[in-house]
Amino acid sequence: MAVAAPVHALAALRRPRFLVTGWPWRSLGYLATSSAISMALSPVALMLGMPWLLVLVWLNEGRPGPLGLGVLGVAFGLLLVAAAGPLLSIPTAIVERWRLRLVDDRPARSGHRALAAPGLWAWLRTRYTEPATLV
């Protein structure tokens, strides 16, 4: 009776002769692309966190200025994260599902719903109200 081929790296690791198969190289490819993805997303994370960072620097300097500036910085940061976060997470999730195929042969399906109507507003409404985007 033939043993089924492993579909993920952990199952492949349990098999004899693991090191002479393609699995170690696929896993290494996944790990190597992780740093590249992190570097590519660093400017985006910096942009989303910049208002909060500026407020923290301002507060750390001990300036007794108006509290409204701090509140404005935090509110602007929340607005940036709320507006851009879900939109930026969609292409990131697509890349992650593609990368996951390196270490797991099972398809990782998207959790997004199908669009109810064509157009930008329908797309935005669907993406901002579905659980896959908001999680």
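Criteria and thresholds
Residues numbered from 1 in each chain as written. Predicted model: local features only at pLDDT ≥ 70, side-chain atom pairs only at ≥ 80, totals over all residues. Heavy atoms only, no water. Helix = DSSP H or I, 4+ residues; strand = E, 2+ residues; numbered from the N terminus. Buried < 20%, exposed > 50% of the residue type's maximum accessible area, 1.4 Å probe, protein only. Contact = heavy atoms within 4.5 Å. Areas by Shrake-Rupley, 256 points an atom, 1.4 Å probe, with all protein chains shown as cover. Phe/Tyr/Trp six-rings, centres within 6.5 Å; stacked < 30°, edge-to-face > 60°. Lys NZ or Arg CZ within 6 Å of the ring centre and 35° of its normal. Core = buried A, V, L, I, M, F, W, Y, C linked by side-chain atoms within 4.5 Å. Salt bridge = Lys/Arg side-chain N within 4 Å of Asp/Glu carboxyl O.

Visitor: What am I meant to see in the overall build of the protein here?
Guide: Looking only at helices and strands, one finds five helices and zero strands in the protein. Each of the 135 residues in the protein was classed as buried or not, and the buried ones make up 20%. Considering only contacts in the protein between residues 6 or more positions apart, those separated by 24 or more positions represent 53%. Taken as a whole, the protein presents about 9700 Å² of accessible surface, with 74% of it coming from carbon and sulfur.

Visitor: Before we go on, may I ask you to explain the packing of aromatic side chains in this structure?
Guide: What characterises a pair of aromatic rings is the spacing of the ring centres plus the angle enclosed by the ring planes. With the rule as written, the count across this model stands at zero aromatic pairs. A cation over a ring is seen here: Arg 26 above Trp 23, with NZ or CZ 4.2 Å from the ring centre. Positioned over the ring face of Tyr 30 is Arg 99, at 4.1 Å from the centre of the ring.

Visitor: Looking at this model, I keep getting lost on unusual backbone geometry. Mind explaining?
Guide: Residues other than glycine predominantly adopt negative phi, and peptide bonds predominantly adopt the trans conformation. The backbone of Arg 17 sits at a positive phi, close to 65°, despite the residue not being glycine. Take Arg 17: it is sitting in the loop between helix 1 (9–13) and helix 2 (23–60). The exposed category is assigned to Arg 17, whose relative accessible area is 65%.

Visitor: So what exactly am I meant to see when it comes to the nonpolar core here?
Guide: In this structure, Ala 9, Ala 12, Phe 18, Trp 23 and Val 103 together form the largest nonpolar core, which totals five residues. For Ala 12, the residues in contact, after removing those within four places along its chain, are Pro 6, Phe 18 and Trp 23.

Visitor: Is there a simple way to think about the side chain of Glu 130 in this case?
Guide: Within the element layout of this structure, Glu 130 appears in the loop between helix 4 (120–129) and helix 5 (131–134). A relative accessible area of 0% places Glu 130 in the buried class. Non-local contacts of Glu 130, meaning those with residues more than four positions away in its chain, are made with His 112 and Arg 113.

Visitor: How do you make sense of the pattern of salt bridges when you look at a structure like this?
Guide: If the charged atoms of two oppositely charged side chains come close together, the side chains can form a pair. Taken as a whole and judged by the stated rule, the model has one salt bridge. Two residues, Glu 96 and Arg 99, come together in a salt bridge whose shortest N-O distance is 2.6 Å. With Glu 96 and Arg 99 both in helix 3 (residues 67–100) and three residues apart, the pair spans about one turn of that helix.

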